[in-house]
Amino acid sequence: MRIIKNIHKLIGIVPAGVQRKVGPQMDEVATVKDAYLTIEDGLIKDFGKSADCPEAGPSDEVIDAAGGMVMPMFCDSHTHVCYSGSREREFIDKINGLSYEEIAARGGGILNSADLLHKTSEEDLYLQTMTRVEEMIGKGTGAIEIKSGYGLTTEDELKMLRVIKRVKDTSPAIIKATFLGAHAVGRAYSGRQEEYVDLVREVMIPAVASEELADYVDVFCDEGFFTPEQTGRILEAGERFGLVPKIHANELACSGGVQVGVTHGALSVDHLERTTVAEIEALKGTKTMPTMLPGSSFFLGMPYGKAKDFIKAGLGVALASDYNPGSSPSGDMRFVMALGCVKMRLTPEQAFNACTLNSAYAMGVSGEAGSITKGKRANLLITKPLSSLAMIPYSYQTPFIERIII
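Residues numbered from 1 in each chain as written. Predicted model: local features only at pLDDT ≥ 70, side-chain atom pairs only at ≥ 80, totals over all residues. Heavy atoms only, no water.

### Topic: the overall build of the protein chain
And step 1. Of regular secondary structure, the protein chain possesses 15 helices and 15 strands.
And step 2. Against the compact-globule benchmark of 22 Å for 406 residues, the protein chain has a radius of gyration of 21 Å, which places it among compact chains.
And step 3. Once local pairs closer than 6 in sequence are excluded, the contacts in the protein chain between residues at least 24 apart make up 73%.
And step 4. Looking at charge distribution, the protein chain has the averaged site of its 42 positive side-chain charges lying 4 Å from that of its 52 negative ones. (Helix = DSSP H or I, 4+ residues; strand = E, 2+ residues; numbered from the N terminus. Rg over C-alpha atoms; globule rule 2.2 N^0.38 Å. Contact = heavy atoms within 4.5 Å. Lys, Arg positive; Asp, Glu negative; His and termini not counted. Charge placed at Lys NZ, Arg CZ, Asp CG, Glu CD.)

Below you can see the structure in the form of structure tokens.
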């Protein structure tokens, strides 16, 4: 058994069975001051006040938190960290005034990443991806969803998903895989979008399923990419093979992506930089988690999601990094939390819940991660001594992690 003692504050305590937080619950972060926590077989065994801390036995490991806080590791439910190279040339294009849409229309963006990935060996792609995953763990993230979508051919999509499976098998983090063959139309199908949709539905999805390479199926349902009707057909194909829907929606326009996602019982609808009351109404009473990606808004100079409106309407909100080479080249969830506070006007408590339990829910792992709960994985951060939870997003560049347990 491992015993963590001298914890100034144990934060993020959630009762067993609570999978997500919605509405006013987003303001609640249960805390025990002057606490201890025990770990057995990699799981949280018990916790409470220091006065009730069990005596260490000869085979127990004692970890001194030295007055730091203990919290669950961040969960990142939307990333594209399986990619090759970088797109810093497009970074310069953005500085010079080109929009995301203009870069994509010139054949850049996702298609550039697909070209690079095609030329990259599976081994090199694995090494690049693991480097990013290790970086994310070092910044405090313990659960990561990773999408394909830079292959855009059957062979290269399978290559990406095999790499993601290898990462899952070799990383200490919780890894979930999402098939995103409908990230864009592959170059070979330029001008033949319907044929590409058929390829995704009739060839790619069965091939992915036959190797059991993905947990989820995703579609970029937005202006200039895939229509709600095409999205629905792709999700239906994925569902036939047991792939749970997730959606890229409303990054560039009010696309109808939220509504088609809800119709198909999507686990999450992600981006949501551009939403109206209609999207909020569509999500009410559903199990779908609205997930916003403030790192992408920051890097592209786009609007931030209206998270406060969603919470006021009684919904939960998750935040994720969107770590990718073109629009959010960072997997620092502490920075995502800070953007949630500074740019989206979330309270530290709301942003914390959005980056932990709710993001765990948005990737289907809130039963094992995202909170301090008996029986959950002991994926924990021990912080340096901090006066409050608010210090994490407030002093967003000051190192705050003393130790990671994963």
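### Quick word on the side chain of Ser 84
And step 1. With respect to the element layout, Ser 84 can be found in the loop between strand 6 (74–79) and helix 1 (88–95).
And step 2. For Ser 84, a relative accessible area of 5% puts it in the buried group.
And step 3. A polar side-chain atom of Ser 84 sits 2.6 Å from a polar atom in the side chain of Thr 120. (Buried < 20%, exposed > 50% of the residue type's maximum accessible area, 1.4 Å probe, protein only. Polar contact = N/O pair within 3.5 Å; in protein donor to acceptor, adjacent residues only side chain to side chain.)

### Comments concerning the packing of helix 6 (residues 193–210) against helix 7 (residues 228–240)
And step 1. Where helix 6 contacts helix 7, the axes come no closer than 9 Å and their chain directions differ by 10°. The orientation of helix 6 relative to helix 7 falls into the category roughly parallel. Taken together, the residues of helix 7 that come into contact with helix 6 (itself represented by Gln 193, Glu 194, Val 197, Asp 198, Val 200, Arg 201 and Ile 205) are Glu 229, Gln 230, Arg 233, Ile 234, Ala 237, Gly 238 and Arg 240.
And step 2. For the contact of helix 6 with helix 7, the per-class residue count stands at five nonpolar, three polar and six charged. (Axes fitted to C-alpha atoms, helices over the stretch in contact; angles between N-to-C directions. Parallel < 35°, antiparallel > 145°, perpendicular 65-115°, else oblique. Nonpolar A, V, L, I, M, F, W, Y, C, P; charged D, E, K, R; others polar.)

### Re the state of the cysteines
And step 1. Per the stated rule, a full pass over the model turns up zero disulfides.
And step 2. Its sulfur unpaired, Cys 221 is 12 Å from the next cysteine sulfur, which belongs to Cys 254.
And step 3. Cys 355 takes part in no disulfide bond, and the closest cysteine sulfur, belonging to Cys 341, lies 8.3 Å away.
And step 4. Residue Cys 355 is classed as buried on the basis of its relative accessible area, which comes to 0%. (Disulfide = S-S within 2.5 Å.)

### Examining the side chain of Arg 132
And step 1. With respect to the helices, strands and loops of the structure, Arg 132 is situated in helix 4 (residues 122–138).
And step 2. Although buried, Arg 132 forms no salt bridge, and the nearest oppositely charged side chain, Glu 135, lies 6.4 Å from it.
And step 3. Reaching out from Arg 132, the side chain makes a polar contact with the backbone oxygen of Val 81 at a distance of 2.9 Å.
And step 4. Apart from residues lying up to four places away in sequence, Arg 132 is in contact with Val 81, Tyr 83, Gly 85 and Tyr 323. (Salt bridge = Lys/Arg side-chain N within 4 Å of Asp/Glu carboxyl O.)

### So, the packing of aromatic side chains
And step 1. Counted by the stated rule, this structure contains six aromatic pairs.
And step 2. Each ring, one from Phe 91 and one from Phe 299, has its centre 5.5 Å from the other, and the planes form 15°; the classification is stacked. Of this pair, Phe 91 sits in helix 1 while Phe 299 sits in helix 10 (residues 294–300); the two residues are 208 residues apart in sequence, bridging distant segments of the chain.
And step 3. On the numbers, 5.3 Å between centres and 85° between planes, the contact of Phe 298 with Phe 335 is edge-to-face. (Phe/Tyr/Trp six-rings, centres within 6.5 Å; stacked < 30°, edge-to-face > 60°.)

### Details of the pattern of salt bridges
Oppositely charged side chains can form a pair if their charged atoms are brought close together.
And step 1. As enumerated under the stated definition, the model contains 24 salt bridges in all.
And step 2. For the salt bridge of Arg 89 with Asp 93, the shortest nitrogen-to-oxygen distance reads 3.4 Å. Taken as a pair, Arg 89 and Asp 93 lie in helix 1 at a separation of four residues, close to a single helical turn.
And step 3. Taking relative accessible area as the criterion, Arg 89 reaches 53% and is therefore assigned exposed.
And step 4. Classification of Asp 93 as buried rests on a relative accessible area of 14%.
And step 5. Among the salt bridges present, the one from Arg 233 reaches Glu 229, with a minimum N-O distance of 2.7 Å. Note that Arg 233 and Glu 229 are positioned in helix 7 at a spacing of four residues, about one turn of the helix.
And step 6. Residue class for Glu 229 comes out partly exposed when judged on its relative accessible area of 45%.

Honestly, that's just the spatial picture; any functional story needs more than this.
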